[in-house]
Structures are given as structure tokens and as C-alpha cells.
Amino acid sequence: MAKPAVQFACVECGYTAGRWFGKCPSCGSFGTLQEEAPPVGQGASAPKPLLRLVDVEAEEATRIPTGVAELDRVLGGGIVPASLVLLGGEPGVGKSTLLLTALAAISKDRRALLVTGEESTAQVKLRAARLGGAERVEILAETELDVVCATLERERPEVCVIDSVQTLYSSELGSAPGSVAQVREAASRLLRVAKESGVATILVGHVTKDGAVAGPRVLEHLVDCVLQFEGDRYHAHRILRAAKNRFGSTNELGVFEMTGSGLAGVPNPSELFGRTVAGEPGAAVACALEGTRPILLEIQALVAQTDLAMPRRVATGVDPKRLAMIVAVLGRHARVALGQADVFVNVAGGVRIDEPGADLAVALAIASAARGAPVREGTAAFGEIGLTGRLRPAAQAERRLEECGKLGLATVVAPPGTPTRGKPAVAPAETLREAVRIALEGGERTTA
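Because the structure is predicted, anything quoted here is derived from the model rather than measured. (Residues numbered from 1 in each chain as written. Predicted model: local features only at pLDDT ≥ 70, side-chain atom pairs only at ≥ 80, totals over all residues. Heavy atoms only, no water.)

## Overview of the overall build of the chain
Under the convention used in this document: Counting from the N terminus, the helices are DSSP H or I runs at least four residues long and the strands are E runs at least two residues long. Under the scheme applied here, a residue whose accessible area is under 20% of the maximum for its type counts as buried, over 50% as exposed, and between as partly exposed, the area being computed with a 1.4 Å probe on protein chains only. Residues are treated as being in contact if the distance between any of their heavy atoms lies within 4.5 Å. All accessible areas in this document rest on Shrake-Rupley with a 1.4 Å probe, and a residue is counted as covered only by the protein chains that are shown. In this tally Asp and Glu are treated as negative and Lys and Arg as positive; neither His nor the chain ends contributes. A charge is said to be at NZ when it belongs to Lys, at CZ for Arg, at CG for Asp and at CD for Glu.
When its secondary structure is counted, the chain shows 11 helices and 21 strands. Its C-alpha atoms give the chain principal-axis dimensions of about 80 × 50 × 50 Å. Across the 448 residues that make up the chain, the buried fraction comes to 48%. Contacts in the chain between residues far apart in sequence, at least 24 positions, make up 65% of those at least 6 positions apart. Of the roughly 21,800 Å² of accessible surface on the chain, 52% is carried by carbon and sulfur atoms. Considering the chain, the positive charge centre built from 49 side chains and the negative charge centre built from 51 side chains are found 4 Å apart.

## With respect to empty space enclosed by the protein
What counts here: Cavity and pocket criteria rest on a 1 Å grid covering protein atoms alone: a 1.4 Å probe that fits but cannot get out defines a cavity, protein on both sides within 12 Å along at least 5 of 7 lines defines an open pocket, and an atom within 4 Å of a point defines a lining residue. Grid points are joined across faces, edges and corners, and a volume is the space filled by probe spheres set on the points.
Enumeration over the complete set of coordinates arrives at 5 cavities of 30 Å³ or more. A volume near 70 Å³ is recorded for the largest cavity. Around the largest cavity, the lining residues are Ser-96, Leu-99, Leu-100, Leu-114, Thr-116, Glu-119, Val-124, Arg-127, Val-161, Asp-163 and Val-204. The set of elements that each furnish at least two residues to the lining of the largest cavity consists of α2 (95-106), β5 (112-116), α3 (121-131) and β7 (159-163). With 3 residues, the single largest contributor to the lining of the largest cavity is α2.

## Concerning the sheet that holds strand β2 (residues 16-17)
Within a sheet, neighbouring strands are paired by backbone hydrogen bonds and run either parallel or antiparallel to one another. The following threshold applies: If DSSP finds at least two bridges between two strands, the strands pair.
The strand order β2-β1-β3 describes an open sheet built from 3 strands, whose pairing is antiparallel. Two strands in the sheet have a free side with no partner beyond their single neighbour: β2 and β3 (33-36). The pairing of strand β1 (residues 7-10) with β3 spans 4 bridges and is antiparallel. Bridging across to β3, Cys-10 finds its partner in Leu-33.

## A closer look at the environment of Phe-273
When you line up the elements, Phe-273 lands in helix α7 (residues 269-273). Note: C-alpha distance between Phe-273 and Asn-251 (22 residues apart in sequence) is 18 Å.

## Here's the deal with helix α4 (residues 145-155)
Our working rule: It is the directions from the helix axis to the C-beta atoms whose arc is reported.
Here α4 has its buried residues at Leu-145, Val-148, Cys-149, Thr-151 and Leu-152. The buried residues of α4 occupy one face: seen down the axis, they fall within an arc of 160°. At the exit of α4 stands Arg-156, carrying a positive phi of roughly 50°.

## Describing the packing of α2 against α3
Filter applied, for reference: All axes here are fitted lines through C-alpha atoms, helices being fitted over the stretch that makes contact, and every angle between N-to-C directions spans 0 to 180 degrees. Here a crossing is called left-handed whenever its near helix is offset anticlockwise from the far helix by less than a right angle, and right-handed whenever the offset is clockwise. Under the scheme applied here, ten amino acids are nonpolar (Ala, Val, Leu, Ile, Met, Phe, Trp, Tyr, Cys and Pro), four are charged (Asp, Glu, Lys and Arg), and all others, including Gly, are polar.
Their axes nearest at 11 Å, the elements α2 and α3 cross at an angle of 65°. With respect to the hand of their crossing, α2 and α3 are arranged in right-handed fashion. For the pair α2 and α3, the contacting residues are Ser-96, Thr-97, Leu-100 and Thr-101 in the first and Val-124, Arg-127, Ala-128, Arg-130 and Leu-131 in the second. Residues that form the contact of α2 with α3 fall into these classes: 4 nonpolar, 3 polar and 2 charged.

## With respect to the confidence of the model for the chain
Put simply, the rule reads: One confidence number per residue, pLDDT, is output by the predictor and ranges from 0 to 100.
Here the chain shows a mean pLDDT of 86. Residues at 70 or above account for 91%. When the elements of the chain are averaged for pLDDT, β3 gives the smallest value, 78, and strand β18 (residues 384-385) the largest, 96. Considering only residues more than four positions removed or in separate chains, one finds that residues 442-448, a stretch of pLDDT under 50, has 15 contacts.

## As for the side chain of Arg-400
Counted only if it meets this: Between N or O atoms, a polar contact is any pair within 3.5 Å; within protein, one atom must be a potential hydrogen donor and the other a potential acceptor, and residues adjacent in sequence are included only when both atoms are from side chains.
For Arg-400, the position within the fold is in helix α10 (residues 397-406). Only 2.7 Å separates the side chain of Arg-400 from the backbone oxygen of Cys-287, close enough to count as a polar contact. Setting aside its immediate chain neighbours within four residues, Arg-400 contacts Cys-287, Ala-288, Leu-289, Pro-294, Glu-355, Gly-357, Phe-382, Ala-394 and Ala-395.

## A few points about the nonpolar core
Stated formally: Definition of nonpolar core: a set of buried residues of the types Ala, Val, Leu, Ile, Met, Phe, Trp, Tyr and Cys, connected through side-chain atoms within 4.5 Å.
Residues Ile-299, Leu-330, Val-345, Ile-366, Val-413 and Leu-432 are the most contacted members of the largest nonpolar core, which totals 52 residues. When residues of this core are traced back to their parent elements, those giving at least two are β11 (253-259), β13 (283-290), β14 (293-305), α8 (320-333), β16 (341-347), α9 (359-371) and α11 (432-441). Counting residues in each nonpolar core, the second largest holds 35 residues, with Val-68, Leu-99, Val-124 and Val-161 among its members.

## Looking at the state of the cysteines
Two cysteines joined by a covalent bond between their sulfur atoms form a disulfide. To keep things clear, this is the line we draw: Throughout, a disulfide means two cysteine sulfur atoms within 2.5 Å of one another.
In total, this model carries 0 disulfides according to the counting rule given. Residue Cys-27 stays outside any disulfide, its sulfur separated by 3.7 Å from that of Cys-24, the closest cysteine. Given the relative accessible area of 36%, Cys-27 is considered partly exposed. Of all cysteine sulfurs in the structure, the one in Cys-160 sits closest to Cys-225, which takes part in no disulfide; the separation is 16 Å.

## Things to note about the packing of aromatic side chains
Rules: Pairing of aromatic side chains here covers Phe, Tyr and the six-membered ring of Trp, requires ring centres within 6.5 Å, and sorts the geometry by plane angle: under 30 degrees stacked, over 60 edge-to-face, intermediate tilted.
A full pass over the atoms with the stated rule returns 1 aromatic pair. Their ring planes at 85° and their centres at 5.9 Å tell us that Phe-229 and Phe-256 sit as a pair that is edge-to-face. Of this pair, Phe-229 sits in strand β9 (residues 225-231) while Phe-256 sits in strand β11, placing them 27 residues apart in sequence. A single burial state applies to Phe-229 and to Phe-256, both of which are buried.

Structure follows, in C-alpha cells:
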């Protein structure tokens, strides 16, 4: 029998090769290829009988509420029993705090287990005492994968949190904990246990320097839901997104605030992120749509003359390619000279927006900064910008207008065809040039 070939796998992206490289050919990281032990051969397996889809019985399982409204919103209404959820985020962003808060609420009605591999039970106890209400949460300090799986199969808690999956290791594999082989094996075993024992399992995952979940991409394909916890440890607010969700939408957004007693949900993020200072050039209010939630965001822009041959286009919270397109349309169709200027755009609060409905607000903020004229007080904007300079309607305009009315905004600059019933008043603009004139100079007739 031929000897199994030795494989080397990258711990950052999961790339495998037959020999060692100092630099990963896939992601370009240095020193990340580690040797993997060859898989142990298995005997022949017996075939299983087939089923027709018409004979399969599908039961609608009741979701498990986590007690954290913002987390339930992103999950789609709660945790699905026997599902596998992966939560990733930067170190110190609050992953353990968020999940311990959820376990504390779940443990009031159900069995909840925390498997900790990074912290001791005493450290978890100190955090639980600070958060409060976690007295009934069960805890297991263990990193041996076989012991963890055997405990789950015997105890069968309804919800289990593994903090973190990179600390688990199987003695059958020769690689170190956190390697690609160990992470892949741990995720596969835990997936099988979750489905067979009916344990809803949440895995905490580390992230790479690029912000992606560490380990092979197969880890994200195995789980049912991938959550990304974003934010800066030096700022109070955190954003929770779903990158993948088999049981709900991936467009929902959860907003949290870090307080002295843990993470608190922000039920009205528009009040937090949508406030601007009157008379300040370079600021505009965008009404974006994140899943089913409309949210008002302050878009900040700075335009400065440059001595560089290639002016810079720097975006924080906005797609850089879309920013370059908006700048080009402003220069060509709105007559805003930006060819010899650096353009910086930032979304206040650390929020990232990807939908095209925020294009108009970004353009108005840039035009305001370039001309030194503030956007009219109490004005918001939404709409997609085309390459011809024409504005296109944004989805769910009525919900956006309702959110603007709640915050007390008086006028909304929007594409033609936007509903005009109720408040705030709508100032329709067919082109970007017309929208800039309305928002910066005023005097345009509005319809209520």
C-alpha cells in the first residue's frame, strides 16, 4: 500500500499543497503553511436506503429566543434547534459578553451550557457576576474534542456555546490546536452532534487580519449561520451582521452599545447615527435600508486640494468603487470640480452601508464639502445614482419616509415617483444636478 502523501495547509485561508511554502500562494501570508497528518483509512461503508422527498416529514421547529432582541433580529427570530451558528469578530469586541448575556436569558427556561477553552471557570464567573442573571448557566472548561462531544451527547442541553472553536483539538490528529485540520475536524464533529442530539450550538471563531473568520472556508460552508460582530474596542457601539443564514435574511442589522453592565441593544439606531450639526458643510443624512429596518446615517465628507498627480478617494463605511463612480458623476453631470481634490467619505458610528439607495446622500455630502455650503437643516436624502446623472427610485420608499418623520426631519430629497403622503415633505429631483441645487440652495417647491 502506498504511503499517504503529506499535505501542508494554510491556517489563514485553508489552501493546501503537497510541499511547504514560505508564502501562501493563495492569500500571500508568510509562515502560515503547517503540516497536516494524513487521514486515517476507513473500512468500506454499507449503503443506506434512499428516500423520496414526498416521504420526508418536515416539522416546523419553534425557535429559541435568546433574550437579546437585536441578536434575535439578526438570527431571524431566535436560534433554530439543532442548528450550528458561527460568530466571528475581532478580539475584545464583545463576543463572549454577548453570548453569556444570551445564555443567561436562555437558562431561565432551558438548559444552557458554556464550553470555555480560552478562559478558566473563575474568569467566566467574574464576568457573569458583572452581567448578572447567569447563575443557572452550566459551564465546562475543556479543550479535548472527544470529551466535549461525549458531554453534549450525554447531557443534551438545548443551547451550547463553544468559546472558541480554535481551542478544541482531537488527539487523533497530529497537528496543533487551531490548525486547519483541527478546526475542520472540530466543526464536522460538532455539526454531527448538533444534528443528532438536537443541541443548538454556537461556535465562537477568531478572525484574520482581513476580518474574515480564521480557518478554512469549509468552516463557513458547514455551519447554518455565520454572524459577524463588528466594531472597535475603543468605541462603545458594535454592529452585528449575518453573512450567511439558512433560516432567515442576511440583510438584518443589530446595533449594540457597550456599557458597564455589558452589551445593551440600541432599539433606535437612527437617533444615534442620524444626527447632524446644523450649518456644518460636508454632512448629509442618508436613509438606508438594512434588511427590514430603515436607519438614518450621517454621511461625512471632506474635499481638499491635493498636490498629488492622482487624487485620493478614501472611503470608510462605503464601497470605494462606488465612491469613485459617484465622484465621476458629480464632476461630469453636476459640475462639481473634483479632479484636483482629495475626497474622503466616512459613515458616522462605524456603520458600513452597501445598498445603492445611499448614493444620493453621499453625493450631497461631497458637493456640500466641495462648495462649502451646508445641506439645508432638517433634510435627508435617498436614491440611486446612474451613470447618466439620473436618479433611480430606492426600494421601500414609504418605510424610509416614515423613519425620517420619526426623527423630525422636514424635507427628503428623493427621485421622482416617491410617495408624497404625510410628512416629511418630499422634494423630487430627476437628476443629480437638480438634487444638489435643491439640497444646498433651497427654494425648491416641495410636495406634502
